Amino acid sequence: MKVSEQLVSSSMDLIESFYDHPFVAGMTDGTLDHEKFQYYMIQDYLYLFDYAKVFALGVAKSDEVYAMRTFSEYLYSILHGEMEIHRGYMKRLGISEEAALQTPMAMANRSYTAYMLKCAYQGAAAESVVSILSCAVSYEYIGKEMVRRNPESVNDPFFGDWIKGYSSPDYAQENVRLEELTDYLTKDSSPAQVEKLRQIFRNCTLYEKGFWDMGWTMAR
């Protein structure tokens, strides 16, 4: 089993538990309070700034051109693609970028990004990609499960674009690239090193749960 497969398999119990989280379930059936979704979107936008920094640290920590190029391509995609999508979504929700940037980062969000950045600063390139991977992969599983449970969810006027994006083949293919990068960077890892990465992945998955909890409760 590839290292990326080991990491995901070891935390599938957590990822699958997200399907029935009230925030996720509310998006799936269209009943989620729009104010909760707006709060989540702002926090997710703030999250992306530190998420991008982890990719930048991956570039700095890499010695191989393939890894540097892959990290840098994702960094560009976040800064010029995903963040633009968030801005467009927030604009539709009546949230200006200025208002979003003035919103304090919630404690759950701050704790999560601080952990990712710590792993990236203290570790090698492998730690950078693994601290990113949980968010990327869990959203893919969630998006696909939403569509499986409610095929019409992609047409929801409020949540449909979000669901469509994370359940799309293009998004899944981007995750394949991240998994391939993970396996490349861990090809010579010892069992002890893989276990350390497994713990990082699981911790980040637990932080993902905290992020959904934060969105549901709108906790500051």
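All figures in this text were calculated on a predicted structure; none of them were measured in a lab. (Residues numbered from 1 in each chain as written. Predicted model: local features only at pLDDT ≥ 70, side-chain atom pairs only at ≥ 80, totals over all residues. Heavy atoms only, no water.)

## Observations concerning the overall build of the protein chain
Item 1. Helix and strand content of the protein chain: 11 helices and 0 strands.
Item 2. In sequence order, the secondary structure elements of the protein chain are arranged as α-α-α-α-α-α-α-α-α-α-α.
Item 3. The C-alpha extent of the protein chain, read off along each of the three principal axes, is 45 × 35 × 30 Å.
Item 4. Out of the 220 residues in the protein chain, the part that is buried amounts to 51%.
Item 5. Taking contacts inside the protein chain between residues at least 6 apart in sequence as the whole, the part at least 24 apart equals 84%.
Item 6. Total accessible area on the protein chain stands at roughly 10200 Å², and carbon and sulfur atoms take up 55% of it. (Helix = DSSP H or I, 4+ residues; strand = E, 2+ residues; numbered from the N terminus. Buried < 20%, exposed > 50% of the residue type's maximum accessible area, 1.4 Å probe, protein only. Contact = heavy atoms within 4.5 Å. Areas by Shrake-Rupley, 256 points an atom, 1.4 Å probe, with all protein chains shown as cover.)

## Focus: the environment of Asp213
Item 1. Within the secondary structure, Asp213 is located in helix 11 (residues 191–217).
Item 2. Taking the C-alpha atoms as reference, Asp213 lies 8.7 Å from Pro22; in sequence the two are 191 residues apart.

## Observations regarding the state of the cysteines
Item 1. Tallied over the entire structure, the rule returns 0 disulfides.
Item 2. Counting only cysteine sulfurs, Cys204 is the nearest neighbor of Cys135, a cysteine outside any disulfide, at a range of 9.1 Å.
Item 3. On the accessibility criterion, Cys204 (0% relative accessible area) is buried. (Disulfide = S-S within 2.5 Å.)

## So, the packing of aromatic side chains
Think of a pair of aromatic rings as described by two things: how far the centres are apart, and how the planes are tilted against each other in angle.
Item 1. Throughout the structure, instances matching the rule amount to 26 aromatic pairs.
Item 2. Taking the centre distance of 5.1 Å and the plane angle of 50° together, the rings of Phe23 and Tyr40 count as tilted. In this pair, Phe23 sits in helix 3 (residues 22–29) while Tyr40 sits in helix 4 (residues 34–61), placing the two residues 17 residues apart along the sequence.
Item 3. If you follow Arg92 out to its NZ or CZ, it ends over the ring of Tyr89, 4.9 Å from the centre.
Item 4. Over the face of the ring belonging to Tyr184 we find Lys187, whose NZ or CZ atom lies 3.9 Å from the ring centre. (Phe/Tyr/Trp six-rings, centres within 6.5 Å; stacked < 30°, edge-to-face > 60°. Lys NZ or Arg CZ within 6 Å of the ring centre and 35° of its normal.)

## Notes on the environment of Tyr89
Item 1. In this fold, Tyr89 is placed in helix 5 (residues 65–92).
Item 2. Given a relative accessible area of 6%, Tyr89 falls into the buried group.
Item 3. C-alpha of Tyr89 to C-alpha of Met41: the two residues are 48 residues apart in sequence and 8.3 Å apart in space.
Item 4. Discounting chain neighbours no more than four positions away, the residues touching Tyr89 are Phe37, Met41, Phe158, Phe159, Gly160, Asp161 and Trp162.
Item 5. Here the side chain of Tyr89 touches Phe158 through a polar contact of 2.4 Å, landing on its backbone oxygen. (Polar contact = N/O pair within 3.5 Å; in protein donor to acceptor, adjacent residues only side chain to side chain.)

## Considering the pattern of salt bridges
A side chain of one charge can pair with a side chain of the opposite charge when the charged atoms of the two come close.
Item 1. Taken as a whole, this structure holds 14 salt bridges when the rule is applied.
Item 2. Across the salt bridge formed by Asp13 and Arg202, the nearest N and O atoms sit 3.0 Å from each other. A residue pair is termed long-range when its members are at least 10 positions apart, and Asp13 in helix 2 (residues 12–17) and Arg202 in helix 11 qualify at 189 residues.
Item 3. Under the relative-accessibility criterion, Asp13 is labelled partly exposed at 45%.
Item 4. A single salt-bridge network, built from bridges that share partners, covers Asp20, Glu145, Arg148 and Arg149. (Salt bridge = Lys/Arg side-chain N within 4 Å of Asp/Glu carboxyl O.)

## Some thoughts on the environment of Lys91
Item 1. Looking at the element boundaries, Lys91 is found in helix 5.
Item 2. Distance from Lys91 to Ala108, taken between C-alpha atoms, is 24 Å for residues 17 residues apart in sequence.

## Quick look at helix 3
Item 1. Of all the residues in helix 3, the buried ones are Phe23, Val24, Gly26, Met27 and Thr28.
Item 2. Contacts made by the buried residues of helix 3 are with helix 4, helix 8 (125–149), helix 9 (160–166) and helix 11.
Item 3. Looking at the residues trailing helix 3, positive phi occurs at Gly30, about 80°.

## Thoughts on helix 10 (residues 169–185)
Item 1. The terminal C-alpha atoms of helix 10, which comprises 17 residues, lie 24 Å apart, in line with the 24 Å expected from a rise of 1.5 Å per residue.
Item 2. Of all the positions in helix 10, only Tyr171, Ala172, Asn175, Leu178, Leu181, Thr182, Asp183 and Leu185 are classed as buried. (Expected span 1.5 Å × (residues − 1).)

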